[in-house]
Amino acid sequence: MNDIITGYENALKIAYETLEGSITDRISLIELADVKVPDVRDLAAVTAAITPVVCAKQYGHEKILAEAIASASLYTLAPEPAKPRIDVDNIRTVRLLGGSVDQTKMMPGMVLMNLPQNNVLHVEHAKVLVLTCGLEASSSETKGTVLIENAAQLLEFTRNEEEAFGNEIEAIAKTGVNVIFAGGSISEISRHYLNKFNIMGVSVGSKFDLRRICKTLNATALVRVGPPTAEEIGECASVDVMEVGGKRVTVLKQEGGNGRVATVVIRGSTENLMEDVERVVGEACCGAVMSRRRRERGEDAVHGPASRGGRGRRGDGDGGARDGGEREVHGAGPVRDEEGGRVAWS
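What this report covers is the structure whose coordinates are included nearby.

Cut-offs and rules
- Residues numbered from 1 in each chain as written.
- Predicted model: local features only at pLDDT ≥ 70, side-chain atom pairs only at ≥ 80, totals over all residues.
- Heavy atoms only, no water.
- Salt bridge = Lys/Arg side-chain N within 4 Å of Asp/Glu carboxyl O.
- Helix = DSSP H or I, 4+ residues; strand = E, 2+ residues; numbered from the N terminus.
- Buried < 20%, exposed > 50% of the residue type's maximum accessible area, 1.4 Å probe, protein only.
- Pairing = 2+ DSSP bridges.
- Right-handed = clockwise from strand over helix to strand, strands pointing away.
- Core = buried A, V, L, I, M, F, W, Y, C linked by side-chain atoms within 4.5 Å.
- Contact = heavy atoms within 4.5 Å.

This brings us to the pattern of salt bridges. Counted under the stated rule, the structure contains eight salt bridges. Here Arg 92 makes a salt bridge to Asp 209, at a shortest N to O gap of 3.3 Å. Of this pair, Arg 92 sits in strand β1 (residues 91-97) while Asp 209 is found in helix α7 (residues 207-217), placing the two residues 117 residues apart along the sequence. Taken individually, Arg 92 and Asp 209 each receive the classification buried, so the pair is uniform in this respect. Linked through salt bridges whose partners overlap, the residues forming this network are Arg 95, Glu 271, Glu 275 and Glu 278.

Quick look at the structure:
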């Protein structure tokens, strides 16, 4: 027991010595707490502003994570001379189990875990059709009875049904579509005709991913299988199947315009660790947005989990909630004021 007490006393002495430190250390801490971003398109400046946010949650990995998040934020910006605007919806995260956090990186484009269901794996200058339903032959809404008297009639019935569905796929191919994202399953006969007309078919079960695809590619989701109009077709620079960390993923790259999407591929040994890193990415992206807003207002960019007055009590610091109202917080998620009871989203 005495050894434990002695250990804590020694640790207290070391803590005092570390906190007192040298003047150089104190200056570096002040510079870290008060970061100015003169140009939001400068990778080094944005990385320096994001580093304190990452350091508060993932100490030891802040350099790699901050650079990956900053690269993703700058990739989504519209090219000059357009006004820089960071949209957090254009920065996605994908968790791949395995490896270490230091292997986390930014990949340009939208990364999907869903793989193509047919043999077409690479498409350049893609014209995309998005379906909320599955890619399969349509069936009648009511029950019907078909009288088949011999084997020839059975073969003819099946052949006619397959040909009718093949005509629909052919009509879609004539519109220039070479990639189809379906919200349901893709049948075997659909895969046959997709290979025949050299069309990539990907089944995406998440409706949120379908919405992101439509937003990124400026496409309109259809509720039926059929040829789309020119306004309903989305465009993409390329759709490729790539291998990341031993796992195959589908990557959608959009080179120009305001809909460029970047993905931070998170690696880690456990799901809990990757969830923590994913949370840090969300907070850092909000920090990058606040950097731009403060620069437009001519203010200094001070970053951290709760840079203005902390997360705590009323009156802590200059930016605390002294009137019981909402506080401006650099981070993802709600912060509840102790007296006002209201929730402020950053």
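In strand β6 (residues 200-203), alternate side chains face the same way, and those of Met 200 and Val 202 on one face and Gly 201 and Ser 203 on the other are all buried. With four bridges joining them, strand β5 (residues 179-182) and β6 adopt parallel strand pairing. Each bridged residue has a counterpart across the sheet, and for Ala 182 the counterpart in β6 is Ser 203. What joins β5 to β6 is helix α6 (residues 188-196), and the crossover it makes is right-handed.

Membership of the largest hydrophobic core comes to 28 residues, with the highest contact counts inside it found for Ile 50, Val 54 and Ile 69. Elements with a contribution of two residues or more to this core: α3 (43-57), α4 (62-75), β9 (262-268) and α8 (271-297). Of the residues forming this core, the biggest block, seven residues, is contributed by α4. When neighbours within four sequence positions are excluded, Val 54 is seen to be in contact with Tyr 59, His 61, Glu 62, Leu 65, Ala 66, Ile 69, Val 280 and Ala 284. Among the nonpolar cores identified, the runner-up in size contains 21 residues, and Val 120, Leu 217, Ala 219 and Leu 252 belong to it.

These figures capture arrangement, not role.
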